[in-house]
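Listed below, chain by chain, are the residues.
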Amino acid sequence: MKLKIALGQMDIIPGRPDINSQTMLQMIDQARAAACQMIIFPEMAIPGYLLGDTWEQTSFLRDCEAYGQDIIAAAQDIVVLFGNVAMDWQKKGDDGRVRKYNAFFVAQQGRLVGGDNFPYPFRIKTLLPNYREFDDDRHFFSLRKLAQELGQTPEDLLSPVIISINGQPLSLGCLLCEDGWGEDYSTKPITSLQQKGVQLFVNISSSPFTLGKNDKRNRVFAKQARQAQTPLIYVNNVGLQNNGKTIYTFDGASTVYNKKGEIIYYCSPAFRETLDILELDLATGGTELPPQEVYPDNGIDYIYQALVYGIQKFTSAIGMRKVVIGISGGIDSAVSACLYAQALGPNNLLLVNMPSRYNSETTKSLAYQLAKNLGCSYMVLPIQQAVDFTIQQIEGTPVENPSSGEKFQLQLTPFMTENIQARDRSSRVLAAVAAAFGGGFTCNANKAETTVGYSTLYGDQAGFLAAIADLWKYQVYQLAHYLNEEIYGREVIPQGIIDIVPSAELSFDQAVDEGKGDPIKYPYHDYLFRSFVQWWNKATPEDILHWYVEGTLEEKIGCAPGLVKQYFATDADFIKDLERWWNQFCGIGVAKRIQAPPILAVSRRAYGFDHREAQNGVYYTKKYRELKEQLLQKCSE
């Protein structure tokens, strides 16, 4: 049997079933006009996927159901496979609300197919992910729970959908996203379906982009197709969705695997809505089509695509056309400026340099040169006078207790005056300039700074979006080189910005012309902090100190060899540094992250709803305290 199949890799707008269903109807018409026998849409194609507690709105659910009926009715002379929310209005979920399923619908000749061997005329998601950004079990009832309710096993319920193509039956194995990632689950949907004579597996997904995820999926899904000796089609969406604090791009990357597990079709380039059509011979299991090379998704070029696409989509979604960026002459703000220039165009940017007495002529000159190279509007607004006035006003105004008559004066420390500078730049200058310019202002923090709270609340941590806050500092530098060499083909980010020591320039102790800068030693701390956050089994000071003692720390965390001895003269110095940053990470850093702007995710563990945390305070394990005591005792001998 030969099938002409359309892959509906659509741009799903979260929470807009009206727009999404219109896109689907247009694609169905195009596929039918091209004589396709089948069209496949992604998971939750009608409502969107990451919707928060919108799922608790009964009227929204009825709307999704109604638009789903429109798609079913349009399935004339073409089989339509699509994802939507399904309700059993007679039953309740675990939360006491109407029961909802993350469902896979198969429609043919204006009606649903598949109710002959299943409790519903649709299939429901078996495995509901509850890790990283996913929270499916909060809203949806799984096939595993349904099986338990019916006194059956999930394997009993898992069954193919039988459709008819040119009078011949075709057995479809319908999978929903996580159902294809069953290695760590006791129930393995693809194995159960394989045993029931499936001729074609179809996995509809709404899978957010994270660096390297496609490579892993290709390994997993290729293995499944090869073991089942059955072709597998994966259809994903593009677009932007969020769960409040974390913004996710969707890159599509819809893929077809033959029965050998070889990739025979791949929707490219990434981050593009497309209706792609291919012919698949089920008699050969797709082996008649040549294997294709797949572009790797783990490089800095893919990060660039995701960030520019995410900025474009996010600003469009919130109706923001103009952006103000505080430009310091440093690498973070320079990379941010280039990304926004690519996403919105340089005419829609205003770069603002806000020097105090601590800013060098070097960085001021570099900021101007960047604006000139980008072709952006630029202004210089010195802040020293306002900062001095704030300090004078606070220290010169007496504090009085009206009951006792007691009076005293407040005194600001040098650290406090650093924060006054940062807040003056953002809360006063950038906020006002952005309003006058008709836009918003950005947060330029990187992930290392965000990890340990090396930022000022309502200061440099403010802004409407933190576009690079999921990038470690070394990735920011990689992106700077990529922008110059591959995107612009010239030195848009001045080499001086790349070469200069990273510094907040908030005091004479951070004078860049003297080689003084941030207390974070990025070549080492990037990797240390990454082990706290991004590892599947997160590292703690106990792990770090153990590896330090056995001499494997640099190998374990992935930084360059020799850095530990270079930065820390003694065991006591190492422990002091470790505890400084762990205290920050678990302490004030958490409070700052809770109030931080939304972060555009690219990694496998982004701050916000992906890396979930509570303000529990700092804790050191018993084993850590024992190791520390042994080391410090040894130092004192």
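Criteria and cut-off values
- Residues numbered from 1 in each chain as written.
- Predicted model: local features only at pLDDT ≥ 70, side-chain atom pairs only at ≥ 80, totals over all residues.
- Heavy atoms only, no water.
- UniProt positions renumbered as here; feature names shortened; annotations may be inferred.
- Salt bridge = Lys/Arg side-chain N within 4 Å of Asp/Glu carboxyl O.
- Helix = DSSP H or I, 4+ residues; strand = E, 2+ residues; numbered from the N terminus.
- Core = buried A, V, L, I, M, F, W, Y, C linked by side-chain atoms within 4.5 Å.
- Buried < 20%, exposed > 50% of the residue type's maximum accessible area, 1.4 Å probe, protein only.
- Contact = heavy atoms within 4.5 Å.
- Pairing = 2+ DSSP bridges.
- Phe/Tyr/Trp six-rings, centres within 6.5 Å; stacked < 30°, edge-to-face > 60°.
- Axes fitted to C-alpha atoms, helices over the stretch in contact; angles between N-to-C directions.
- Parallel < 35°, antiparallel > 145°, perpendicular 65-115°, else oblique.
- Left-handed = near helix turned anticlockwise from the far one by under 90°.
- Nonpolar A, V, L, I, M, F, W, Y, C, P; charged D, E, K, R; others polar.
- Expected span 1.5 Å × (residues − 1).
- Domains from an automatic or database assignment.
- Buried area = accessible area lost by both parts, 1.4 Å probe.
- Polar contact = N/O pair within 3.5 Å; in protein donor to acceptor, adjacent residues only side chain to side chain.

- The name that an unreviewed UniProt entry assigns to the chain is Glutamine-dependent NAD(+) synthetase, with the source organism given as Desulforamulus ferrireducens.
- Check the Function (unreviewed entry) section of the UniProt entry for the chain; it says "Catalyzes the ATP-dependent amidation of deamido-NAD to form NAD. Uses L-glutamine as a nitrogen source."

A word on the pattern of salt bridges
Okay, step 1: Here the structure, examined in full by the defined rule, presents 23 salt bridges.
Okay, step 2: The partner of glutamate 56 in a salt bridge is arginine 97, and the shortest N-O contact between them spans 3.2 Å. Of this pair, glutamate 56 sits in the loop between strand E2 (38–40) and helix H2 (58–73) while arginine 97 sits in the loop between strand E3 (79–92) and strand E4 (98–108), and the two are 41 residues apart along the sequence.
Okay, step 3: Residues arginine 132 and aspartate 610 are paired through a salt bridge, measuring 2.6 Å at the closest nitrogen-oxygen approach. With a gap of 478 residues between them, arginine 132 in the loop between strand E6 (123–124) and helix H3 (143–150) and aspartate 610 in the loop between strand E22 (599–600) and helix H21 (622–636) connect regions that are remote in the sequence.
Okay, step 4: Among the charged side chains, a network of salt bridges with common partners joins Arg132, Glu133, Arg605 and Asp610.

A look at the nonpolar core
Okay, step 1: By size, the foremost hydrophobic cluster in this structure holds 127 residues, and its most contacted members are Ile39, Phe41, Val335, Tyr340, Leu374, Leu479 and Ile493.
Okay, step 2: Ignoring sequence-local partners within four residues, the contact set of phenylalanine 41 consists of Gly8, Met10, Met24, Met27, Ile28, Val80, Leu81, Phe82, Ile204 and Val235.
Okay, step 3: In this structure, Ala469, Tyr527, Tyr548 and Ile557 belong to the second largest nonpolar core, which totals 39 residues.

Structural notes on the sheet that holds strand E11 (residues 238–242)
Okay, step 1: The 3 strands lie next to each other as E11-E12-E22, forming an open sheet whose pairing is mixed. Looking along the sheet, the strands with just one partner apiece sit at the ends: E11 and E22.
Okay, step 2: Two strands pair when backbone bridges link them, and E11 and strand E12 (residues 246–251) are joined in this way by 5 bridges, in the antiparallel orientation. Within E12, the position partnered with valine 238 by the bridge is aspartate 251.

Re the packing of aromatic side chains
Okay, step 1: This model, assessed by the stated rule, comprises 35 aromatic pairs.
Okay, step 2: Pairing tyrosine 131 with tryptophan 536 gives two aromatic rings, centres 5.9 Å apart and planes at 75 degrees, and the pair type is edge-to-face. Of the two residues, tyrosine 131 is situated in the loop between E6 and H3 and tryptophan 536 in the loop between helix H15 (522–533) and helix H16 (541–550); the sequence distance between them amounts to 405 residues.
Okay, step 3: The exposure class of tyrosine 131 is partly exposed, given its relative accessible area of 29%.

Considerations on the UniProt feature "binding site: deamido-NAD(+)" (unreviewed entry) in the chain
Okay, step 1: Mapped onto this numbering, the UniProt entry gives "binding site: deamido-NAD(+)" (unreviewed entry) at Asn419, Glu449 and Lys592.
Okay, step 2: Along the chain, the position of asparagine 419 falls in helix H11 (residues 414–437).
Okay, step 3: In this structure glutamate 449 comes out as buried when scored by relative accessible area, which is 11%.

With respect to the pairing of strand E15 (residues 274–281)
Okay, step 1: Among the 8 residues of E15, 6 are classified as buried, and the element is accordingly described as predominantly covered.
Okay, step 2: Here strand E1 (residues 2–9) pairs with E15 via 8 bridges, running antiparallel. What sits directly across from alanine 6, in E15, is isoleucine 277.

Comments concerning the packing of helix H8 (residues 331–344) against helix H13 (residues 473–488)
Okay, step 1: Interhelical geometry of H8 versus H13 gives an angle of 45 degrees and a closest axis separation of 10 Å. Classed by the angle they form, the pair H8 and H13 counts as oblique. In the crossing of H8 with H13, the sense of the turn from one axis to the other is left-handed. Contacts between H8 and H13 pair Ile331, Asp332, Val335, Cys338, Leu339, Ala341 and Gln342 from the former with Lys473, Val476, Tyr477, Leu479, Ala480, Leu483, Ile487 and Tyr488 from the latter.
Okay, step 2: Each residue belonging to the contact of H8 with H13 can be placed in one class, and the counts come to 12 nonpolar, 1 polar and 2 charged.

Here's the deal with helix H7 (residues 300–317)
Okay, step 1: With 18 residues, H7 should cover 26 Å at 1.5 Å per step; its first-to-last C-alpha distance of 25 Å lies within 8% of that length.
Okay, step 2: Counting buried positions along H7 gives 13 out of 18 residues, so the element sits mostly inside the fold.

Let's talk about the domain arrangement of the chain
Okay, step 1: For the chain, the assigned domains read domain 1 (2–296), domain 2 (299–520) and domain 3 (521–636).
Okay, step 2: For domain 1 versus domain 3, the distance between C-alpha centres works out to 40 Å.
Okay, step 3: Taken residue by residue, the interface counts 18 residues in domain 1 and 20 residues in domain 3.
Okay, step 4: When domain 1 packs against domain 3, close to 1,400 Å² is buried across both sides, 50% of that on carbon and sulfur atoms.
Okay, step 5: The largest per-residue losses of area from domain 1 upon contact with domain 3 belong to Arg132, Lys245 and Ile247, which jointly make up 47% of the total buried on that side.
Okay, step 6: Linking domain 1 with domain 3 are 1 salt bridge.
Okay, step 7: Viewed at the interface, domain 3 and domain 1 are joined by 15 residue pairs in polar contact (both at pLDDT 80 or more).
Okay, step 8: In terms of residue count, E12 provides more of the side of domain 1 that touches domain 3 than any other element does, 4 residues in total.

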